[in-house]
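So you can see what is in the structure, the chains are spelled out below.
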Amino acid sequence: MKVSIITITFNAARTLQRTLDSVACQTYADIEHLIIDGASKDDTLAIAKRYQQQSHHEVVIQSEPDRGLYDAMNKGLQKATGDYLVFLNAGDTLYAPDTIEVVARCAQQPPLPLERAGGEAAVIYGDTAITDAEGNFLHLRTHRPPETLTWKSFKHGMLVCHQAFYVRTDIAKQYPYDLQYRHSADVDWCIRVMREADHQGLALVNTHAILANFEEGGDTTQHHRDSLKERFKIMMHHYGLVQTVVMHAWFVVRQLLRAGTQA
């Protein structure tokens, strides 16, 4: 089974090396690493090319101007040739040297009900650790993956981080990122992929493992208000106005309760 790892970069010289190192040390052999660069002006390409020469994995580098993060991710999506794919952007890392081994094992030996049905997992998912700017562990992500994930799970928020969400490539390619969303197209994409899995009767498999490290303070954090507006629009589209309003009211109440507890 081949796994495509897609890394989007733009002037990412500060953070890229640790991302590349986390892929380079993987014990799993059949990895395709796509580095989709937005015509960086710093040392990003030099770092990527040095990695390409040294890596024992297949490494493909593409550098050209794009229309932003999700446009670049669409380019990577269409270029991927693996059986499954995941997005691991500059600054993010695979949690451990055997992370792809864990994912591949879950794909090749699915839980018994799925195995008996002769099906394949549409999505393989797990937990995420949050790190600081130096890659040091801070805590596990606040939103934790549910034991059983469905497309309806995300009405409670993005319970699985994008970097811990491996998708069967033939399904992923059917759903390019919607460029109307500048900060939360990944939420919409994950929901659409899971809806397609439900439509086809395919499983979403929990690895029960930490799969990724995510650097605190990414794009969504930096554009928090705009991201929340987009997420409300996305949730309303997929779950309806009433459920979206009710869930957001609960989010507010939960935050107030937490603030009261900490006071």
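A quick note: this is a predicted structure, and the numbers were derived from the prediction, not measured.

Definitions and cut-offs
- Residues numbered from 1 in each chain as written.
- Predicted model: local features only at pLDDT ≥ 70, side-chain atom pairs only at ≥ 80, totals over all residues.
- Heavy atoms only, no water.
- Helix = DSSP H or I, 4+ residues; strand = E, 2+ residues; numbered from the N terminus.
- Buried < 20%, exposed > 50% of the residue type's maximum accessible area, 1.4 Å probe, protein only.
- Contact = heavy atoms within 4.5 Å.
- Areas by Shrake-Rupley, 256 points an atom, 1.4 Å probe, with all protein chains shown as cover.
- Lys, Arg positive; Asp, Glu negative; His and termini not counted.
- Salt bridge = Lys/Arg side-chain N within 4 Å of Asp/Glu carboxyl O.
- Polar contact = N/O pair within 3.5 Å; in protein donor to acceptor, adjacent residues only side chain to side chain.
- Phe/Tyr/Trp six-rings, centres within 6.5 Å; stacked < 30°, edge-to-face > 60°.
- Lys NZ or Arg CZ within 6 Å of the ring centre and 35° of its normal.
- Core = buried A, V, L, I, M, F, W, Y, C linked by side-chain atoms within 4.5 Å.

### Some words on the overall build of the protein chain
Okay, so step 1: A count of helices and strands for the protein chain gives 10 helices and nine strands.
Okay, so step 2: Classification of the 263 residues of the protein chain by burial places 51% in the buried group.
Okay, so step 3: Restricting the contact set of the protein chain to residue pairs at least 6 apart, pairs at least 24 apart contribute 78%.
Okay, so step 4: Carbon and sulfur atoms form 53% of the exposed surface of the protein chain, whose accessible area is close to 12,500 Å².

### Overview of the side chain of Glu 230
Okay, so step 1: Counting through the fold element by element, Glu 230 comes out in helix α9 (residues 224-239).
Okay, so step 2: Despite its burial, Glu 230 remains without a salt bridge, the nearest opposite charge being carried by Arg 182 at 6.2 Å.
Okay, so step 3: Within the local environment of Glu 230, its side chain forms a polar contact with the backbone nitrogen of Ser 184, the two atoms lying 2.8 Å apart.
Okay, so step 4: Among all residues touching Glu 230, those that are not within four sequence positions of it are Gln 180, Tyr 181, Arg 182, His 183 and Ser 184.

### Looking at the packing of aromatic side chains
Okay, so step 1: According to the stated counting rule, one finds six aromatic pairs in the structure shown.
Okay, so step 2: Summarising the aromatic geometry, the rings of Tyr 177 and Trp 189 are spaced 4.8 Å apart at their centres and angled 25° between planes, so their arrangement reads as stacked. On the criterion of sequence distance, the pair formed by Tyr 177 in the loop between α6 (169-172) and α7 (185-200) and Trp 189 in helix α7 is long-range, its members being 12 residues apart.
Okay, so step 3: Overall, the relative accessible area of 1% leaves Trp 189 in the buried class.
Okay, so step 4: Clustering of aromatic rings is evident, with ring pairs tying together Tyr 70, Phe 87, Phe 165, Tyr 177 and Trp 189.
Okay, so step 5: When the ring centre of Trp 151 is taken as reference, the NZ or CZ atom of Arg 195 above it lies at 4.1 Å.

### A short note on the nonpolar core
Okay, so step 1: Of all hydrophobic cores here, the largest spans 69 residues; its most connected members are Ile 5, Phe 154, Phe 165, Tyr 166 and Trp 189.
Okay, so step 2: Examining the composition of this core, we find that eight residues originate from one element, α7, more than from any other.
Okay, so step 3: In contact with Phe 154, other than residues within four places in its own chain, are Leu 149, Leu 159, Val 160, Val 187, Cys 190, Ile 191, Met 194, Met 235 and Tyr 239.

### What about the environment of Cys 106?
Okay, so step 1: Take Cys 106: it is sitting in helix α4 (residues 99-108).
Okay, so step 2: Using a relative accessible area of 15% as the deciding quantity, one classes Cys 106 as buried.
Okay, so step 3: Along the primary structure Cys 106 and Asn 206 are separated by 100 residues, whereas in three dimensions their C-alpha atoms are 8.2 Å apart.
Okay, so step 4: The residues touching Cys 106, leaving out its near neighbours within four places in the chain, are Ile 124, Val 205 and Thr 207.

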